[in-house]
Amino acid sequence: MKKLVLLFSFLTAFFPVYSQKIVHPPQAYGPLPSEKQMKWHEMESYAFIHFSLNTFTNKEWGYGNESPQLFNPTALDARQWARIAKEAGMKGIILVAKHHDGFCLWPSVYTERSVKNSPWKNGKGDVVKELAEACKEYNLKLGLYLSPWDRNHPQYGKPEYITYFRNQLKELLTNYGDVFEMWFDGANGGDGYYGGANETRKINTLEYYNWDETYKLIYSLAPNTLVWGIGPSEARWIGNEEGYANTTNWSLLRQKDDLAGKVHYTEYMSGHEDGEKWVPGEADVSIRPGWFYHTSEDDKVHTLDEMVDFYYKSVGRNATFLLNIPPDRRGLIHENDIQRLKEYSVVIKADFKTEVLSNAKVTADNFRANNNSYAPKNTIDGNKESYWATDDNITKASVLFTFRKPTAFNRILLQEYIRLGQRVKAFTVEAKVDGKWQTIANETTIGYKRILRIPRVTATALRVNITDSKASIMISNIQAFNAPTFVRMPMVKRDKLGMITMEAETGNHIYYTLDGSKPTLSSTKYTVPFKYDKAVEINAVSINEEGISSAVRIAKYGVSKENWKIVSVSSGDINTANRIIDGNPDSSWSFGADLSQHPQEVVIDLGNLISIKGFTYTPNQAVENPGLISNYELYSSTDGVNWTKQSEGEFSNIKNNPIEQVKVFNSLKTKYLRFVAKSVVADFKIITIGEISIVE
Ligand code: FUL
């Protein structure tokens, strides 16, 4: 016996690997992702295509009475869309096959309201088919959006429409190959054409569509399709249309509560730590302010800084990134969008080029049964199926990476082994700089992927401390990158009097031009606010001490509002009404009245007779859920007595996307504007106006 023990100790000392006990894999904890959801997480980013009658009518939401004859792209090329998405590192494309106005981009046999009654390809075209083929060619996955709300359909709101809706789902899921995601938007019910009824139809979203049955149908036809949005979905909206998740982001949701209407959509930004189902977040945003293409937004494509932020605040926060790139009237993605996407992918590629942890020495203060299968080195082996795991019940542990020589980095990427559940609730990161540990991050969840942007440090070691976890810890990947310095653009603001203020990150200098040319180090240096009340295009850059420049901030202004005056407001305090024209959309003025009885209005004197081509209404940008105007009228007058109506309609989608609303019309001269708020987004008794401006 003694001999045996001796032999065993000898073996364990010299051959530790062979002597390890058999260790059972750790148990799963909580809700788990399905294989389909795993594949979906791994796609990380994909494109959205909004292209329909709205592209030709210049709307965001069609009413449902627009003629299919208006759909006439001159050079539609789905291969261009696919190529651009591919080049930007995206893994798929979701096409809006039918938006709220009911027009179908495929020749559905169930309706006449489709491409078959448009002049495009003499009614022989099929956009869904063209995109499905292009996706195949570029090795991208195809997803489809079928709006449950149909403002055209005569039977919307009645059972017959549900049959129609499901028939269309069948067409889309059986005729075009695999569909990776089916997108059901939450906007449902309201006013519309409805076959000529021109009325408001309200439905109960959760009951009307009988989602359980609809989902059964989908899974029987297409088991590999992940269903997003309303109903018992497998992925959720992130709760905003600005492309970001909260830093704390669980892939779990209390979906039962959600289906009982007990969850507010702002909770989607973080999910629920105690959610009973795996329902991960998808962060959607458009590359421009609107979801559909509008010429007036050609110079409003999101800046490079914003695009890079979208990535880090979605993919970097455990969400997928759905970026809308809306084709123009040609049926092509606009040059400005292409340019921005190129700049964006250059930055993202460069950020993840120089990895520094893979050669570090890795140790941990705990790993499961000291068994190599769960050793901390699994975090840097590039294998997504291997992971570092702690012993059962160990919910606090540290993993230490020691470098051979001082090493610089400014990005940290972490991934949990989510196949066995999302667990980590809190973690910190420390760097050893000049022999001293310093905390460089203090964070909460990880999930499928978490990426931290931190100021560059040069360290001899890096330590990740999981400080709280729901169960034992499982981390499959930790990386650190030394990304090129990204200098952020300066902020440029102009107030009502024409005072221009610029601001850059501490230590950086701002250079600008007023003639539209590109600023360089030899352009004017910004030092203090200055007055410039004429129409102007300011181009400004921030430059750091190493001479690295930001992208160019382009700020365009018309003549300043210095001479503007509020003439009258129909209710509320006239003294604060000036906030409507103070150049600051964070300050607002409110009407507190029941609009269904009395539309409210504001009259503005522009000081002089000026040429305008449109106007904009911006809800207060500083508060959540300001009272939002949904329908409006705008009148012009040269004398303040005789008025002509210039524009009326809805601010479509303002509820989900409360940004500046732009309405353009034929150029005219006016001295006065009368803006009438006709209705307000449901539930608000107060409406606010952050800013009213003109399009010159
Ligand atoms: C929203 C819709 O109402 C918009 O028009 C757009 O399709 C966006 C992606 O979802 O809620």
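Thresholds, definitions, all that
- Residues numbered from 1 in each chain as written.
- Predicted model: local features only at pLDDT ≥ 70, side-chain atom pairs only at ≥ 80, totals over all residues.
- Heavy atoms only, no water.
- Helix = DSSP H or I, 4+ residues; strand = E, 2+ residues; numbered from the N terminus.
- Buried < 20%, exposed > 50% of the residue type's maximum accessible area, 1.4 Å probe, protein only.
- Polar contact = N/O pair within 3.5 Å; in protein donor to acceptor, adjacent residues only side chain to side chain.
- Phe/Tyr/Trp six-rings, centres within 6.5 Å; stacked < 30°, edge-to-face > 60°.
- Axes fitted to C-alpha atoms, helices over the stretch in contact; angles between N-to-C directions.
- Parallel < 35°, antiparallel > 145°, perpendicular 65-115°, else oblique.
- Left-handed = near helix turned anticlockwise from the far one by under 90°.
- Contact = heavy atoms within 4.5 Å.
- Nonpolar A, V, L, I, M, F, W, Y, C, P; charged D, E, K, R; others polar.
- pLDDT = per-residue confidence, 0-100.
- Domains from an automatic or database assignment.
- Near = heavy atom within 4 Å.
- Areas by Shrake-Rupley, 256 points an atom, 1.4 Å probe, with all protein chains shown as cover.

So, the side chain of asparagine 477
Move 1: The topology assignment puts asparagine 477 in strand β19 (residues 474-481).
Move 2: The class of asparagine 477 is buried, set by a relative accessible area of 13%.
Move 3: A polar contact is formed between the side chain of asparagine 477 and the side chain of glutamine 415, at a distance of 2.8 Å.
Move 4: Polar side-chain contacts of asparagine 477 include one of 3.3 Å to the side chain of glutamine 479.

Details of the packing of aromatic side chains
Move 1: Applying the stated rule across the entire model yields 47 aromatic pairs.
Move 2: Seen from their ring centres, phenylalanine 403 and phenylalanine 409 are 6.0 Å apart, and the 45° between their planes marks the pair as tilted. Here the two residues phenylalanine 403 and phenylalanine 409 agree in accessibility, since each one is buried.
Move 3: Between tyrosine 632 and phenylalanine 651, the aromatic rings sit 4.6 Å apart at their centres with planes inclined by 20°, giving stacked as the arrangement. Placement of tyrosine 632 in strand β30 (residues 629-637) and of phenylalanine 651 in the loop between β31 (644-650) and β32 (661-680) is noted, with a sequence separation of 19 residues between them.

With respect to the packing of helix α11 (residues 304-314) against helix α12 (residues 335-351)
Move 1: Across the interface, α11 lies against α12 with an axial gap of 9 Å and an inter-helix angle of 50°. Compared by their axis directions, α11 and α12 come out oblique. Crossing of α11 against α12: the hand is right-handed. Two secondary-structure elements touch here, α11 through Leu304, Met307, Val308, Tyr311 and Tyr312 and α12 through Arg340, Leu341, Glu343, Tyr344, Val347, Ile348 and Asp351.
Move 2: Grouping the amino acids of the contact of α11 with α12 by side-chain chemistry returns 9 nonpolar, no polar and 3 charged.

Here's the deal with the confidence of the model for the protein
Move 1: Of all residues in the protein, 96% attain a pLDDT of 70 or more, and the chain-wide mean is 93.
Move 2: For residues 1-19, every residue scores under 50 in pLDDT, and the model assigns this stretch 3 contacts once sequence neighbours within four places are set aside.

Remarks on the domain arrangement of the protein
Move 1: For the protein, the assigned domains are domain 1 (43-351), domain 2 (361-481), domain 3 (491-557) and domain 4 (565-695).
Move 2: When each unit is reduced to the centre of its C-alpha atoms, the spacing between domain 2 and domain 4 is 52 Å.

Points about the site of the ligand
Move 1: Taken together, 14 residues lie around the ligand, and His50, His99, His100, Tyr145 and Asp185 are the ones closest in.
Move 2: At 2.9 Å, a side-chain N or O of aspartate 185 approaches an oxygen atom of the ligand.
Move 3: Taking asparagine 656, its side chain carries an N or O atom lying 2.9 Å from an oxygen atom of the ligand.
Move 4: Relative to its unbound accessible surface of 290 Å², the ligand loses 99% to contact with the protein.

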